[in-house]
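One-letter residues, chain by chain:
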Amino acid sequence: MQYVKHLECVLCGKTYPASPTATTCPACGPSGILDVVFDYDAISHREDRDEVIHSTDNGLWRWMPLLPVEPDGPRGPLLPGNTPLVPAPRLAEALGVGRLWLKDEGRAPTASLKDRASAIGVAKALEVGARTVATASTGNAASSLAGACAAAGLRSVIFVPKTAAEGKVAQLLIFGATVFQVQGSYADAFRLATEAIAEQPGWYNRLSGINPYLVEGKKTCGLEIALDLNWKVPDWVVVSVGDGCTVAGIARAFIELKRIGWIDRVPRILGVQAAGSRAIADAFATERYAPGGEDTIADGIAVGEPRNWIKAVTRIKATGGTFTLVTDDEIREAMRLTGRLTGVFAEPAAGAAVAGLQKATVQGIIGKSDSVAVVVSGSGLKDVRRAIEAAGAPLKVQPTIEAVRAALPPMN
Ligand SMILES: *Cc1c(COP(=O)(O)O)cnc(C)c1O
Ligand SMILES: [Zn+2]
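Just so we're clear, the structure is a prediction, and the values are computed from it rather than from any experiment. (Residues numbered from 1 in each chain as written. Chains lettered and ligands numbered in written order. Predicted model: local features only at pLDDT ≥ 70, side-chain atom pairs only at ≥ 80, totals over all residues. Heavy atoms only, no water.)

**Student:** Give me the lowdown on the pattern of salt bridges, citing residues and values where you can.
**Tutor:** Scanning all chains against the criterion turns up 26 salt bridges. A salt bridge links Glu105 to Arg116, with the nearest nitrogen and oxygen atoms 2.8 Å apart. Within this pair, whereas Glu105 is found in the loop between strand E5 (99-104) and helix H4 (114-128), its partner Arg116 is found in helix H4, the two being separated by eleven residues in sequence. Between Asp329 and Arg332 there is a salt bridge whose closest N-O contact spans 2.8 Å. Highlighted residues: Asp329 and Arg332, both in helix H12 (residues 328-342), separated by three residues, approximately one helical turn. Note on Arg332: relative accessible area 19%, which makes it buried. Salt bridges here are not isolated pairs; linked through shared partners, they connect Lys103, Glu105, Arg116, Glu224 and Asp228. (Salt bridge = Lys/Arg side-chain N within 4 Å of Asp/Glu carboxyl O. Helix = DSSP H or I, 4+ residues; strand = E, 2+ residues; numbered from the N terminus. Buried < 20%, exposed > 50% of the residue type's maximum accessible area, 1.4 Å probe, protein only.)

Written as structure tokens, this is what we have:
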């Protein structure tokens with residue numbers, strides 16, 4: 001919290017002290033999402049980007065000057081961050097872009113980017129001495145919170161929609177969470193969690209969008225992409241979008257790095273939504289928000305009532321970026337292509353980002369010589385059913401070498 005000045009409402013601009021239990025702006029209600037405001041002048045005077053490279057703090061904590069937690073405060077033992085930025089030259093060629101990297105967030109402790117937000121959530125819960133942390137989630141925010149809570153000795157109470165992928169629910173149960181599988185949509189799960197938390201004053205609220213600190217954790221993914229590329233950012237960074245927190249955080253990373261003088265330009269951000277769950281893309285295009293559907297195989301971005309659409313829209317605009325939409329077929333195709341050409345196994349919501357890149361090259365948004373980093377936001381192992389659906393069946397053979405010879409396809 002060295003450099004945190006206060007919290008500021010994205011709607012009315014009113015400011016509030018950065019208390020660990022702050023949620024939304026009391027004057028504006030649930031849409032009044034609060035933004036953490038940092039003292040960038042002080043950071044650029046006192047901090048040095050080389051210190052970050054050599055930081056003794058591990059994982060995402062190396063970004064302490066840009067994080068809303070106490071440098072000496074309590075933290076959970078799980079350590080997100082430092083995921084690999086994998087060069088993907090064969091996928092670059094297949095998609096028709098100049099250079100391409102995949103930020104493989106499937107390598108996080110619980111195998112999704114959400115671990116970056118949960119680490120902040122648990123640090124805040126420990127700061128206030130809460131014993132229980134609660135959230136609603138499409139799946140990954142929940143499994144990451146459950147893992148981080150298990151590591152820190154806290155109880156997690158989780159509300160997931162019935163569409164949550166089995167692998168994610170399995171993680172929740174293994175991590176010992178109290179799991180409510182809501183027989184309804186993610187929007188229903190969110191509402192129910194909000195009501196339950198309101199009745200339990202001792203519970204720490206890790207609801208995406210509502211809690212202003214989480215998105216700052218997601219920001220570290222963008223900060224790392226800049227560091228991984230030795231502060232020479234790509235032309236585009238591609239991020240799939242559900243609630244809008246991830247893309248808002250990643251866009252903010254580059255805007256902040258430019259502001260403190262650690263990079264010299266901000267990459268354009270391409271937000272990707274599923275055609276069946278497109279509320280933020282529509283708000284971007286029309287400047288009017290309306291809730292939408294949750295109809296996609298990409299459960300991680302199936303969000304009908306996104307909480308963070310204002311931050312997502314304004315930040316993507318600030319980078320000169322835009323949105324694209326992808327169908328479930330395009331997502332399956334991108335999952336196969338990514339796996340075959342890079343060895344990175346993407347869950348549907350992560351494959352959506354690759355599909356969005358493919359779409360953007362066809363639409364002429366991203367050019368042939370452009371350099372691109374795609375955030376692969378979660379591991380394909382979380383949703384094996386969808387992966388097999390995308391990739392098809394194995395060759396079934398009788399246990400004889402003749403059967404293998406007969407079935408062996410030509411090398412391509
Ligand atoms: C949550 C999630 C996203 C999108 O993040 P939002 O903050 O909801 O926009 C993308 N991919 C995966 C795998 C996710 O779990
Ligand atoms: Zn307000």
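And the narrative resumes.
**Student:** Lay out the sheet that holds strand E4 (residues 85-87) in plain terms, naming residues and giving numbers.
**Tutor:** Judged by pairing direction, the sheet is mixed, and its six strands sit side by side in the order E4-E5-E13-E10-E11-E12 without closing on themselves. Unpaired on one side and paired on the other, E4 and strand E12 (322-326) mark the two borders of the sheet. Taking each pair of neighbouring strands and ignoring which way they run, the sheet shows an average axis angle of 25°. Both strand E11 (residues 268-274) and E12 contribute to a ladder of five bridges, which runs parallel. When the sheet's bridge partners are listed, Gln273 is paired in E12 with Leu325. Sheet strands in contact with helix H10 (residues 279-286) are E11 and E12, and its direction is about 140° off that of E12. The strands touched by H12 within the sheet are E5 and E12, with E12 carrying the most contacts at an inclination of about 100°. (Pairing = 2+ DSSP bridges. Axes fitted to C-alpha atoms, helices over the stretch in contact; angles between N-to-C directions. Contact = heavy atoms within 4.5 Å.)

**Student:** Let's hear about unusual backbone geometry: which residues, and what values?
**Tutor:** Of note, Asn82 is a non-glycine position whose phi angle comes to about 60°, a positive value. Here Asn82 shows up in the loop between helix H2 (49-53) and E4. The phi dihedral of Glu287 is positive, around 60°, even though this residue is not glycine. In this fold, Glu287 is placed in the loop between H10 and helix H11 (309-318).

**Student:** Hey, could you go over the coordination of the zinc ion (ligand 2) for me, with residue numbers and the actual values?
**Tutor:** Distances from the zinc ion (ligand 2) to its protein donors, Cys9 (SG), Cys12 (SG), Cys25 (SG) and Cys28 (SG), fall at 2.3 to 2.4 Å. Bound by four donor atoms, the zinc ion (ligand 2) shows angles of 106 to 113° at the metal and therefore tetrahedral coordination geometry. Between consecutive donor residues of the zinc ion (ligand 2), the sequence gaps follow C-x2-C-x12-C-x2-C. Remark: Cys25 occurs in the loop between strand E2 (15-16) and strand E3 (34-38) and Cys12 occurs in the loop between strand E1 (4-9) and E2; sequence separation between them is 13 residues. Of the residues examined, Cys25 reaches a relative accessible area of 1% and is grouped as buried. (Donors = N, O, S within 2.8 Å, 3.2 Å for Na, K, Ca; no water. Tetrahedral: all angles 85-135°; square planar, octahedral: opposite > 155°, others 65-115°.)

**Student:** Could you give me a rundown of the layout of surface pockets, with the residues and numbers involved?
**Tutor:** Volume-wise, the largest pocket comes out at about 460 Å³. Listing elements by their share of the lining of the largest pocket, those giving two or more residues are helix H7 (186-199), strand E9 (203-205) and H11. The biggest single contributor to the lining of the largest pocket is H7, with four residues. Counted by class, the lining of the largest pocket contains 18 nonpolar, eight polar and three charged residues. Its volume calculated, the second largest pocket comes out at about 290 Å³. Taken together, 17 residues make up the lining of the second largest pocket; nearest its centre are Thr163, Ala164, Ala165, Arg385 and Arg386. Among the elements of the structure, helix H6 (166-174) and helix H14 (384-391) are those that each provide at least two residues to the lining of the second largest pocket. Here the element with the most residues in the lining of the second largest pocket is H14; it accounts for three residues. Grouping the amino acids of the lining of the second largest pocket by side-chain chemistry returns five nonpolar, four polar and eight charged. (1 Å grid on protein atoms, 1.4 Å probe; cavity = no way out; pocket = protein on both sides within 12 Å on 5 of 7 lines; lining within 4 Å. Points joined across faces, edges and corners; volume = space filled by probe spheres on them. Nonpolar A, V, L, I, M, F, W, Y, C, P; charged D, E, K, R; others polar.)

**Student:** I'd like a description of the site of ligand 1, backed by residues and values.
**Tutor:** Near ligand 1 there are 16 residues, and of these Lys114, Asn140, Gly242, Thr246 and Ser377 occur at the shortest range. With respect to ligand 1, the side chain of Lys114 contributes an N or O atom lying 2.8 Å from an oxygen atom. Within the backbone of Gly244, an N or O atom sits 2.8 Å from an oxygen atom of ligand 1. Contact with the protein chains removes 97% of the 380 Å² of surface that ligand 1 exposes when unbound. (Near = heavy atom within 4 Å. Polar contact = N/O pair within 3.5 Å; in protein donor to acceptor, adjacent residues only side chain to side chain. Areas by Shrake-Rupley, 256 points an atom, 1.4 Å probe, with all protein chains shown as cover.)

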